[in-house]
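Coordinate analysis (summary)
Chain by chain, the residues:
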Amino acid sequence: AQSVTQPDIHITVSEGASLELRCNYSYGATPYLFWYVQSPGQGLQLLLKYFSGDTLVQGIKGFEAEFKRSQSSFNLRKPSVHWSDAAEYFCAVGGMNTGFQKLVFGTGTRLLVSP
Amino acid sequence: DAGITQSPRYKITETGRQVTLMCHQTWSHSYMFWYRQDLGHGLRLIYYSAAADITDKGEVPDGYVVSRSKTENFPLTLESATRSQTSVYFCASSEREQYFGPGTRLTVT
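First, a word on what this report is: a plain description of the structure on this page. For every chain, the first residue of its written sequence is number 1, and the numbers climb from 1 along that sequence. As a convention, the first chain written is A and the first ligand written is 1, with the rest following in written order. Side-chain atom pairs in this predicted model are given and counted only at pLDDT of 80 or more, local residue features only at pLDDT of at least 70, and totals for whole chains, interfaces and linings cover all residues. Each side-chain value is worked out from all heavy atoms of the structure, with water and hydrogens disregarded.

**Brief notes about the packing of aromatic side chains**
Quick reminder of the rule: Between 30 and 60 degrees the pair is tilted, below 30 it is stacked and above 60 it is edge-to-face, where a pair is any two Phe, Tyr or Trp rings, Trp via its six-membered ring, whose centres lie within 6.5 Å.
Taken as a whole and judged by the stated rule, the model has 16 aromatic pairs over all chains. Grouped by ring-pair contacts, the aromatic residues Y32, F34, Y36, F51 and F105 of chain A together with Y31, F33, Y35, Y48 and F100 of chain B constitute a single cluster.

**Quick notes on the interface of chain B and chain A**
Basically, it comes down to this: Here, residues are in contact when the closest pair of their heavy atoms is within 4.5 Å. Accessible area that two parts lose when put together, evaluated with a 1.4 Å probe and summed over both, is termed the buried area. Any carboxyl oxygen of Asp or Glu that lies within 4 Å of a side-chain nitrogen of Lys or Arg is treated as forming a salt bridge with it.
The partner chain A presents 17 residues to the 20 residues of chain B that form the contact. Between chain B and chain A the total buried area reaches about 1,500 Å² when both faces are included, carbon and sulfur atoms providing 58% of it. There are one salt bridge connecting chain B and chain A. Notably, a salt bridge pairs K49 of chain A with E97 of chain B, separated by 3.5 Å at the nearest N-O pair.

**Observations concerning the side chain of R36 of chain B**
In plain terms, the rule: Strands here mean DSSP runs of E at least two residues long; helices mean DSSP runs of H or I at least four residues long; both are numbered from the N terminus.
For R36 of chain B, the location among the structural elements is in strand β4 (residues 31-38). Those residues in contact with R36 of chain B that lie beyond four places of it in its chain are G42, L43, R44, I46, V60, Y64, S84, Q85, T86, S87, V88 and Y89 of chain B.

**Topic: the nonpolar core**
Stated formally: The criterion is simple. A nonpolar core is a set of buried Ala, Val, Leu, Ile, Met, Phe, Trp, Tyr and Cys residues joined through side-chain atoms within 4.5 Å. Throughout, exposure labels follow a simple rule: accessible area from a 1.4 Å probe, protein chains only, divided by the maximum for the residue type, with under 20% read as buried, over 50% as exposed, and the rest as partly exposed.
Residues L19, W35, L47, L48, F74, L76 and Y89 of chain A are the most contacted members of the largest nonpolar core, which totals 28 residues. Of all the elements in the fold, those that place two or more residues in this core are β2 (10-14), β3 (19-21), β5 (31-38), β6 (44-50), β8 (64-68), β9 (73-78), β10 (87-95) and β12 (109-114) of chain A. Here this core gets four residues from one element, more than from any other, and that element is β10 of chain A. Listed in part, the 19 residues of the second largest apolar core include V60, C91, L106 and V108 of chain B.

**Here we look at the pattern of salt bridges**
Residue and element names in this part refer to chain A. Taken as a whole and assessed by the stated rule, the structure comprises nine salt bridges over all chains. Between R77 and E64 there is a salt bridge; the shortest N-O distance is 3.2 Å. Here R77, found in strand β9, pairs with E64, found in strand β8; they are 13 residues apart in sequence, far enough to count as distant. The shortest N-O distance in the salt bridge between D85 and K78 comes to 2.8 Å. The same class applies to D85 and to K78, which are both buried. Sharing partners across several salt bridges, the network here consists of E64, E66 and R77.

**What to know about the pairing of β10 of chain A**
Residues and elements named next belong to chain A. Our working definition: When DSSP finds two or more bridges between a pair of strands, those strands are recorded as paired.
Counting buried residues along β10, nine of its nine residues qualify, which places the element largely inside the surrounding structure. One ladder, built from three bridges, connects β10 with β12; its direction is antiparallel. Considered in β12, the bridge of A87 is made with L111. Sheet topology places β10 next to strand β11 (residues 103-105); three bridges connect them, and they run antiparallel.

**Some words on the state of the cysteines**
Our working rule: Here, two cysteine sulfur atoms that lie within 2.5 Å of each other are counted as a disulfide.
One pass over the full model with this rule turns up two disulfides over all chains. Note that C23 of chain A is cross-linked by a disulfide to C91 of chain A, the S-S spacing being 2.0 Å. Its S-S torsion of approximately -65° makes the covalent link between C23 of chain A and C91 of chain A left-handed. Of this pair, C23 of chain A sits in the loop between β3 and β4 (24-26) while C91 of chain A sits in strand β10, and the two are 68 residues apart along the sequence. Accessibility classification places C23 of chain A together with C91 of chain A in one group, the buried group. Paired through a disulfide, C23 of chain B and C91 of chain B show a sulfur-sulfur distance of 1.8 Å. Between C23 of chain B and C91 of chain B, the S-S dihedral sits near -75°, and the bridge is therefore left-handed.

**Here's the deal with the layout of surface pockets**
Quick note on the threshold: Each cavity reported here is a set of points on a 1 Å grid over the protein atoms alone in which a 1.4 Å probe fits but cannot get out, each pocket an open set with protein on both sides within 12 Å along at least five of seven lines, and each lining residue one with an atom within 4 Å of a point. Grid points are joined across faces, edges and corners, and a volume is the space filled by probe spheres set on the points.
The space that makes up the largest pocket amounts to roughly 560 Å³. Around the largest pocket, the lining comprises 26 residues; the ones closest to its centre are Q38, E88 and R110 of chain A together with Q37 and L39 of chain B. For the lining of the largest pocket, the secondary-structure elements that each account for two or more residues are β10 of chain A together with β4, β9 (87-94) and β11 (104-108) of chain B. Its volume calculated, the second largest pocket comes out at about 230 Å³. Lining the second largest pocket we find 14 residues, and of these L103 and V104 of chain A together with L43, L45 and E59 of chain B sit closest to its centre.

Functional significance is not addressed by these values, which are geometric in nature.
Put into structure tokens, the structure is as follows:
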């Protein structure tokens, strides 16, 4: 079965420090991979996506993610975190096994930014 | 404005009552989805639709009914609300990547 694991429930990062949020997936075919961000009381906003091609993808707000097929990972990174990045982050996987459009989401990682 | 909207944003209802959550998108996306979000569970798919008049169950469909007579609308009905259906409900639409509405916070008392 398809699944997404985000092993960190909470992460605290100092403002200006670098960030890496982990995402591991289980998927029997070529995956489509996504990162979404959710601010309190809001819907989910797409940060970036990977469908094919270059395994390092750039997104909005200075985020990037790298697809590593050998490790079944799609970790999200940002070189310098801003206080406004405090939010919950969700990794999701989709593709042929789930009819392309359906996504399986991880349980999320809550990012706290300390001054 | 173009986008995806949900109504109401907040709803309190009593056990056993029927309640309908509305979702409207202006992009003419083929696919639409309903999720519920609960602490510790992330987002779970309730129902989805590939086009008007085509719907299918997701991971947690029990107690919910959907319809899609028009491409732009995808209402979700709780036929007889239960306390376990207290949650935040998100609608999304998609052609490739999913775009989410702002959510409806539903409380069943």
